[in-house]
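Summary of the model geometry
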Amino acid sequence: MAHDTSHKLHMTVESLLAEPVLRGRLLGGKAGLRREVTWCLPLAELPPPPGAGRPAAGEDLAGIAVYAPAAELVAAPDSRRLLSGLAARGAAAVLARLQQGIEPDLGPLMRAADTAGLPLVRLAPEADYHRVGRLVAVKSIADTAHVLEYSVRVHRTLGEVFASGSGLPALARSMATLSGGSVLILDRGGELLARAERDRAASDAEWQELADAVHAKAGGGRPHAPRAGHHHVAARDLDVAAPWGERLHVVCAPVGVAGEPYGTVAVVEPVLAPESHALAQHRVIVEQGAPLVASEILRQRSVTEAEERSRDDFLDTLVHGRFTDAHELEARSRHYRFDMDARHAVFVVAMPAASAARAQAVQRAVAGAADAVGGGAGGGPGGTGQGAAAAAPGHGKGFTMATLMGRLLVVVAEFAAADAAAPFDAQAEKTALQRYGRWLHRLVTGRADAAAQIAYGRAATGAAGVAASFREARITLELSGRVQVPEVCGYAELRVFAAVEEAAASAQGREFAREVLEPLRRADGQTGNLEQVVLAYIAESGNLNAAARRLQLHRNTMLYKLERASRALQMDVRSAETQFTVWLAHRIQTLNDSLRVLQAELSPPA
């Protein structure tokens, strides 16, 4: 074992009795020989028993060896109560000094010590308080210095590994080398972040099962009360059942920063039952390793957050077509494995009822699913969506990224043909887009536990194609709030709007829509929305009764409103030409309204 030494790291009554002045002088209380000793005080100078405003019993005399004349102990009114009270307050031992030429009856004291589990030691007359107190002080200080020296060595060894930036696996290996046992590093949820195995080849599932058991026994990584006399959170000893059938002794310490739990670091003892000196060393190892593990987790978290911010910035710039430097675009595309010669489509997901936390969980799930099929460029902590990845449609193993823009989830996916040498098949690509959109809808609604509207643009080539596809997806999403569309809708499915977009953007198109619809709106008056009446009549293919039922109007009322609409338009709404004119004007107006809402966000790609 590394850093072996002949000293115990904390002085106990048993080690104190090895000194010549105390050797062979134990009278009773053998069960308490493992009590830790830090100081010696005369019985007369002990503080009064705990009361109001004082520490609870078992803490105020922790580590104190009580020195008293044997005659004073024998003369106590109730020796059993005296010793049990000292034991309850945490005293380490009672040192009873005999007087020259006097041999009191120590039998009742011995029985009381055995009952209380408090070591009773007989001192020779020459062993006065100054001699014994100096002995305890010197040994305590020497052991404390030894612990400090060993702690410094461990911290320096682990600190060098941490400073090298090798990560959690290297820290785990170094701790395993120091301890001679296996080391587990868990996050706050019990997931195994890193491990170093010694003397056992177990499967990943078995190590994770052991990690779950340690996490449960350790209280979920929450800091526990410090040991008496210590101002830092100390290590704990756990008895854990291993998945392979053994009982294991585990020394663990919580990993935390500023009181916030980050996880647990644990050393699995190579033998059972472990030797006390080895246990003491391993407690030092986990106590020194825990802060460095916390620092490494913080460092990795900050790196991950920086990568996510950079990724989100790249995706935001890409979909909005804001790259002005071709060299920057090429460099960042290469970094994120974005193929500028491939075809990509943009999917926009609206989850109005989902909370921010649910939306982030969905984003991680989509990014994790992309990573699982080998095509992700990052996009969130991996692994969160791997369960859903099995159901992901085969859209190739190219670039896929997902990010949140406000309350919208934006997904950019590469759609490559299965056979690169085959000619381009537009219908196959359209089918792939629809299949991916439906899969995305199932994933989103399952993770967000809320309804979602998914809109997507047509696939196109390169960075400019991504910007164009995003623009189409946003237009489609905006139109979904104005016209009836399915839950998963592509821009190509709204063929009419796609066909009239250029006309709608022109001055002639806007003037045409205004001239047709304005007379109907001016003639509304107190009789209702004539535009809505005409559109319902057109939607029902000129069926008067069906249109009346749709608007929940009487048939005669419907006739009256259609006659008023004909007079306002100065055209017969029963004619096919008039119906087409109103229908086309309404489509142009709806598209222009949607584009006006998106004007601040979108600009036509170059």
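The residue numbers shown here count from 1 along each chain, following its written sequence. Note on the predicted model: pLDDT of at least 70 is required for a residue's local features to be given, and 80 or more for side-chain atom pairs to be given and counted; whole-chain, interface and lining totals, by contrast, use all residues. Computation of side-chain values covers all heavy atoms of the structure but excludes hydrogens and water.

This part is about the environment of E429. Elements are defined by DSSP. Helices are runs of H or I of four residues or more, strands are runs of E of two residues or more, and each kind is numbered from the N terminus. By secondary structure assignment, the location of E429 is in helix α12 (residues 426-448). Classification of residues uses two cut-offs on accessible area relative to the type maximum, computed with a 1.4 Å probe and protein chains only: under 20% is buried, over 50% is exposed, and between them is partly exposed. With a relative accessible area of 13%, E429 lands in the buried category.

As a further point, take helix α3 (residues 79-88). Turn by turn, an α-helix covers 3.6 residues, leaving residues three or four places apart pointing in a common direction. Every buried residue of α3 is accounted for by S79, L83, L86 and A87. Down the axis of α3, the buried side of the element spans an arc of 100°, and every buried residue falls inside it. The criterion used for residue contact is that any of the two residues' heavy atoms lie within 4.5 Å. Those residues of α3 that are buried are in contact with β3 (64-69), α2 (70-74), β4 (93-97) and α4 (107-116). Its side-chain oxygen at 3.3 Å from the backbone nitrogen of R80, D78 defines the N-terminal cap of α3. Of the residues flanking the end of α3, it is G90, one or two places downstream, whose phi is positive at about 95°. The directions from the helix axis to the C-beta atoms are what the arc is built from. In protein, a polar contact means a hydrogen-donor-capable atom and an acceptor-capable atom, both N or O and within 3.5 Å, with residues adjacent in sequence counting only if both atoms are side-chain atoms; elsewhere, any N or O pair within 3.5 Å suffices.

Once that is clear, we can look at the packing of aromatic side chains. Here the aromatic set is Phe, Tyr and Trp, taking the six-membered ring for Trp, and pairing holds for ring centres within 6.5 Å; pairs whose planes are under 30 degrees apart are stacked, those over 60 apart are edge-to-face, and all others are tilted. Evaluated as defined, the whole model comprises eleven aromatic pairs. Residues F314 and Y336 carry aromatic rings whose centres are separated by 4.9 Å and whose planes lie at 25° to one another, so their mutual orientation is stacked. On the criterion of sequence distance, the pair formed by F314 in helix α8 (residues 276-319) and Y336 in the loop between α9 (326-335) and β11 (343-350) is long-range, its members being 22 residues apart. Each member of the pair, F314 together with Y336, is buried. One aromatic cluster is present, built from ring pairs that chain together F347, F415, Y436, W439 and Y456.

Let us now look at unusual backbone geometry. Peptide bonds are, in most cases, trans, and in most cases residues other than glycine have a negative phi. With a phi close to 60°, R337 is a non-glycine residue in the positive phi region. Overall, the relative accessible area of 54% leaves R337 in the exposed class.

Moving on to helix α18 (residues 555-569). Each residue after the first adds 1.5 Å to the expected span of a helix. Between its first and last C-alpha atoms α18 spans 21 Å; for 15 residues at 1.5 Å apiece the expected length is 21 Å, and the two agree. Buried residues of α18: M558, K561, L562, R564, A565, S566 and L569, and no others. Against α15 (507-522), α16 (530-539), α17 (544-551) and α19 (576-598) lie the buried residues of α18. Positive backbone phi, at 60°, marks Q570, one or two positions downstream of α18.

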